[in-house]
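Chain and residue survey
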Amino acid sequence: MEGDLCSPGLECIDTVCVLLADTDSDTDSGTDSDTDTDTDTDTDSGTTTGADPLCGDGIPVPDELCFGAPVTLGMGSGPAAVLAQDINGDGFDDVVCANSQSNNLTTRVYDDNDAFGNLSALIAGKAPSALASAEINGDANIDIIAANRSDGNVSIFTGKGDGKFDSQVVVTVGGQPRGLAMAMIDGDDHIDLLVANAASKSVGLLLGDGISFLEMTSFAVGASPVDLGVADFNGDSNLDVIVATNGVAALSMLLGNGQGGFGAATSIAVEAAPSAVALGDLNGDGTIDLAIAVPSADSVVVMLGTGLGMFSPGVPFVVGLGPSDIALHDMTGDGELDIVVANAGDATVAVLRGTGVGGFMVAETTMLAEGSSPVSLSVGDFNGDEVADIAIANSALSTVSVLLSNP
């Protein structure tokens, strides 16, 4: 691997990009203790803009990454997916969980004071394993969609706006649906549904009609698609789809025509089979980049987009054992996207601070309960402090861990 594939401030050691030794830029400390431009105007009032990050003082400042002890919530048997979503309209995110063994969805509404309310359950299909949320039917209430892996269908739960939902409406999709995404694919102002069907080796598109969804159209992709993301990759203003295909060491890309159709899938090589993909502008050039969880390599691979439907060679960053799910979010309030990863193999959550130029700092990890096997995560704001929190589905312990910010 060529060393110049690593971003500035990083060097390649054994095919992995790591932070260079201290170069007096203090970008590796996360504390910015030496980066203030001292003009002798500090009045020691405690209100200067150069305040250092200090966890637990109640003052969120850029570069601060602070969590309290994990809050453990019993949710159901075999949690496979988790979603941070405000389901009752109070401005605080709540927890929604898909339980693959008890065949249901469960919810807990945030009750303030870092507490969550009583468990509510919704009957789903067999082995619900993915979740998505959107406002589907024009009533301004959030609705929930669950992919039922063993049934080959999705369950649609229409929200009432108070944290409660109508019983499921079942829509047939493909074999073993594993990933969901919501987007306006055909430009008619109705939200559409995309499904990664692992057994069918396809992505299904169900166009929305403002009430529910029309019959699925299938588009072939690589083996065992398990996750997908939607963005404009080639600059034509039409939405495209990227798919993590767990059966091969590759991604599949479908370029959209803006009318509900896609061209033939193209393959994008990855070093090993991916488990999840997340999308965002990681280097500030206005184009969409990729962050890919690669379990067998214990790493996340970053591929920078050109804006023309192509990506740079993958650059790996060590995260933990067996990364299972991934998200991109500004976790530190510095305006740059960071990588958040759930590591099933060592029961940790890792955050890699983004540099804004496509590079990332060494992973900072938080331990969850031993043997918890976290398989899904979602970033939100549960306690309303405008600092990101994380919810993690622990499949082996039938719990969800919530990491609440503690600035």
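Quick look at the structure, then. (Residues numbered from 1 in each chain as written. Predicted model: local features only at pLDDT ≥ 70, side-chain atom pairs only at ≥ 80, totals over all residues. Heavy atoms only, no water.)

Once that is clear, we can look at the nonpolar core. Of all hydrophobic cores here, the largest spans 18 residues; its most connected members are Ile145, Val154, Leu180, Met182, Leu193 and Leu206. At the level of elements, β10 (128–134), β11 (143–148), β12 (153–157), β14 (177–183) and β15 (192–197) are the ones that each hand at least two residues to this core. Considering every element that reaches this core, the biggest residue donor is β10, with 3 residues. Ignoring any residue separated from it by four or fewer positions in sequence, one finds Met182 in contact with Ala132, Ser133, Ala134, Ile145, Ile191, Asp192, Leu193 and Phe213. (Core = buried A, V, L, I, M, F, W, Y, C linked by side-chain atoms within 4.5 Å. Buried < 20%, exposed > 50% of the residue type's maximum accessible area, 1.4 Å probe, protein only. Helix = DSSP H or I, 4+ residues; strand = E, 2+ residues; numbered from the N terminus. Contact = heavy atoms within 4.5 Å.)

Moving on: the pairing of strand β26 (residues 323–329). The buried fraction of β26 is high, at 6 of 7 residues. In terms of strand pairing, β26 meets strand β27 (residues 338–343) through 6 bridges, oriented antiparallel. Bridge pairing links Leu328 to Ile339 in β27. (Pairing = 2+ DSSP bridges.)

Next up on the list: the sheet that holds strand β25 (residues 315–318). The strands making up a sheet associate through hydrogen bonds between their backbones, and the pairing can be parallel or antiparallel. If you walk across this open sheet you meet the 4 strands as β22-β23-β24-β25, and the pairing is antiparallel. Each having just a single partner strand, β22 (276–280) and β25 make up the two edges of the open sheet. Direction aside, the axes of adjacent strands within the sheet are offset by 25° on average. Where strand β23 (residues 289–294) and strand β24 (residues 299–303) come together, 5 bridges link them in antiparallel fashion. Following the sheet pairing, Ile292 is matched in β24 by Val301. (Axes fitted to C-alpha atoms, helices over the stretch in contact; angles between N-to-C directions.)

This next bit is on unusual backbone geometry. It is generally the case that most residues other than glycine have a negative phi and that most peptide bonds are trans. Notably, Asn103 is not glycine yet its phi reads approximately 55°, a positive angle. In this fold, Asn103 is placed in the loop between β5 (94–99) and β6 (104–108). One non-glycine residue, Ala127, lies in the positive phi region at around 60°. Along the chain, Ala127 falls in the loop between β9 (120–123) and β10.

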